[in-house]
Amino acid sequence: MNDDGTIRKGAVEPEHDSDFVLQMYQTMCRVQEMDKVFYDAQRQGRISFYMQNGGEEGAQVGSAAALQFKDPVYAQYRELGVLMWRGMSLQNFADQCFSNEDEPAKGRQMPVHYGSAAHNIMTISSPLATQLPQAAGTAYAYKLDKSGRCVICYFGEGAASEGDFHAALNFASTLGGPCVFFCRNNGFAISTSVTDQYAGDGIAARGVAYGIHTIRVDGGDVFAVYEATKKAREIAVNENKAVLIEAMAYREGHHSTSDDSTRYRESTEIQDWRARANPIVRLRKYITSKGWWDEEKDAELLKSLRKDGTWRDMLLPPLPPFAPPATFTRSPLLRVPLAHHPLRLQCCSACPPLRRSPSQMSSICSLTCTTTRTCRGTWLSRSSSWRSTWPSTPHTMYMLTIRTCSCLKIQAMPFVD
Ligand SMILES: Cc1ncc(C[n+]2csc(CCOP(=O)(O)OP(=O)(O)O)c2C)c(N)n1
Ligand SMILES: [Mg+2]
């Protein structure tokens with residue numbers, strides 16, 4: 001498909017029925033909408049972290065649609081459309097990002113580290129590329145037990161610089177097993193553009209070097225991705241071999257909510273990609289030209305996505321009622337119970353060391369957020385209080401270190417100016 005939604009000269013137009021194509025389109029729009037809402041939720045301090053998928057919805061949904069439910073998914077972290085296509089609900093995602101108890105890891109994981117046995121999705125790990133050797137191993141097991149299943153393993157082009165990428169590809173090429181290694185080449189590994197990541201011809205060339213069937217595809221073209229993945233799965237299962245796909249796309253958003261990508265790329269570059277090559281826009285042009293879609297339907301879809309109950313609950317402005325102050329005695333690890341509030345931690349004012357200046361206080365007590373490994377607050381001058389600079393979330397854990405404080409009684413309470 002061209003950027004304007006027309007079929008490229010010489011290409012074969014796919015013969016999907018309209019329901020299937022519209023289902024793909026709606027899933028891609030849902031990814032975009034969830035990204036907006038969760039990004040805002042992070043900015044409002046309701047969750048600590050989020051990663052967006054803009055520009056890669058076509059690669060995600062197109063590949064997921066070509067697979068079978070029995071195929072296990074090993075993902076990186078920017079594959080929301082795959083998980084949605086598998087049937088994970090907005091509530092599942094919200095439970096994970098908000099560390100609710102209904103989440104399989106019971107709030108012990110960072111946001112966007114989804115996983116669901118029910119949907120055949122392995123839990124995402126933070127260290128890059130660990131999923132690749134795991135996928136190669138699973139595929140080898142499938143080869144031995146002739147299960148007819150095919151492993152799909154997603155990763156970014158940045159992760160392909162890890163040793164695990166090479167170990168996995170060599171393992172897969174020599175021992176075999178049905179595995180589709182799906183590389184999302186979105187142009188960046190955080191702030192490092194591909195021009196600084198490698199000097200060769202991208203990731204596809206590495207597949208050829210390992211003797212693995214390799215396909216490079218336009219990642220913004222949902223149909224092309226679908227065909228490539230379908231073919232790759234077919235080869236993988238029939239020949240018990242690995243196949244590498246490199247889907248060329250562009251990361252339209254920041255790397256994560258901890259990043260500001262305008263520090264290392266021009267905003268005009270982002271705007272150009274969004275306007276010209278966004279996979280949702282391209283597919284919308286195609287379905288409109290087929291007479292399956294129009295502006296009115298698009299507006300209705302957007303309205304219904306925004307009306308979703310999960311969004312509504314997340315965006316409710318009032319904060320939860322104040323929990324009673326909690327007292328901790330010598331416990332080094334505090335699970336802060338006051339979700340969503342800026343927090344005041346106060347030591348007994350009778351404690352002599354705490355009547356010192358803020359700089360002296362810092363040398364006596366320190367509070368470190370165990371998620372970000374940073375001290376997320378400041379001691380207030382002329383008081384024995386510490387104020388968090390960010391609102392706490394349900395999974396915020398602080399490591400409290402008290403060196404010479406004699407009372408060892410700390411009270412946690414909502415911060416009120
Ligand atoms: C082993 C390891 N090294 C470094 C990091 C820090 N890190 C997190 S994401 C990332 C960039 C990965 O880029 P890419 O694989 O292209 O995926 P993208 O974010 O572009 O989707 C890096 C370097 C990490 N998580 N693990
Ligand atoms: Mg990348």
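Everything quoted here is computed from the prediction, not taken from an experiment.

Draft legend 1. Spatial organisation of the packing of helix H1 (residues 18-43) against helix H12 (residues 295-307). With their axes 10 Å apart at the nearest point, H1 and H12 run at an angle of 50° to one another. Here H1 lies oblique to H12, going by the angle between them. Seen from above, H1 lies across H12 with right-handed handedness. Packed against H1, whose contacting residues are Gln26, Cys29, Arg30 and Glu33, the element H12 presents Leu301, Leu305 and Arg306 at the interface.

Draft legend 2. The pairing of strand E2 (residues 151-156), seen in detail. Burial within E2 is extensive, with six of its six residues counted as buried. Relative to E2, strand E1 (residues 73-74) is paired through two bridges, and the arrangement is parallel. Opposite valine 73, over in E2, you have isoleucine 152 as the bridge partner. The pairing of E2 with strand E3 (residues 179-185) spans six bridges and is classified as parallel. Residue pairing across strands places glycine 156 opposite arginine 184, the latter belonging to E3. For the segment spanning E2, helix H6 (residues 163-175) and E3, crossover handedness is right-handed.

Draft legend 3. Examining the sheet that holds E1 more closely. Here we have five strands laid out as an open sheet, ordered E1-E2-E3-E7-E6, and parallel in their pairing. Each edge of the sheet is formed by a strand with only one pairing partner; in this case those strands are E1 and strand E6 (213-218). Its contacts with the sheet put helix H5 (residues 131-145) on E1, E2, E3 and strand E7 (242-248), and the angle it makes with E2 is roughly 165°. Along the sheet face, helix H9 (residues 222-239) touches E3, E6 and E7 and points at about 170° away from the line of E7.

Draft legend 4. Highlighting the confidence of the model for the chain. When pLDDT is averaged across the chain, the result is 83; 74% of the residues are at 70 or more. Confidence drops under a pLDDT of 50 for residues 402-406, and excluding neighbours within four residues, the segment shows 14 contacts in the predicted structure.

Draft legend 5. Local environment of the site of ligand 1. The environment of ligand 1 is formed by 16 residues, the closest being Leu128, Gly156, Gly158, Ala159 and Ala189. Residues of the shell around ligand 1, tallied by class, amount to six nonpolar, five polar and five charged.

Draft legend 6. Here's a closer look at helix H11 (residues 279-289). For H11, the full list of buried residues reads Pro279, Ile280, Arg282, Leu283 and Tyr286. One side of H11 holds all its buried residues, which, seen down the axis, span an arc of 160°. In this structure, the buried residues of H11 make contact with H1, helix H2 (57-65), H9 and helix H10 (267-277).

About the thresholds
- Residues numbered from 1 in each chain as written.
- Chains lettered and ligands numbered in written order.
- Predicted model: local features only at pLDDT ≥ 70, side-chain atom pairs only at ≥ 80, totals over all residues.
- Axes fitted to C-alpha atoms, helices over the stretch in contact; angles between N-to-C directions.
- Helix = DSSP H or I, 4+ residues; strand = E, 2+ residues; numbered from the N terminus.
- Parallel < 35°, antiparallel > 145°, perpendicular 65-115°, else oblique.
- Left-handed = near helix turned anticlockwise from the far one by under 90°.
- Contact = placed C-beta atoms within 7 Å.
- Buried ≥ 20, exposed ≤ 12 C-beta atoms within 10 Å, placed from the backbone.
- Pairing = 2+ DSSP bridges.
- Right-handed = clockwise from strand over helix to strand, strands pointing away.
- pLDDT = per-residue confidence, 0-100.
- Near = placed C-beta within 6 Å.
- Nonpolar A, V, L, I, M, F, W, Y, C, P; charged D, E, K, R; others polar.
- Arc of directions from axis to C-beta.

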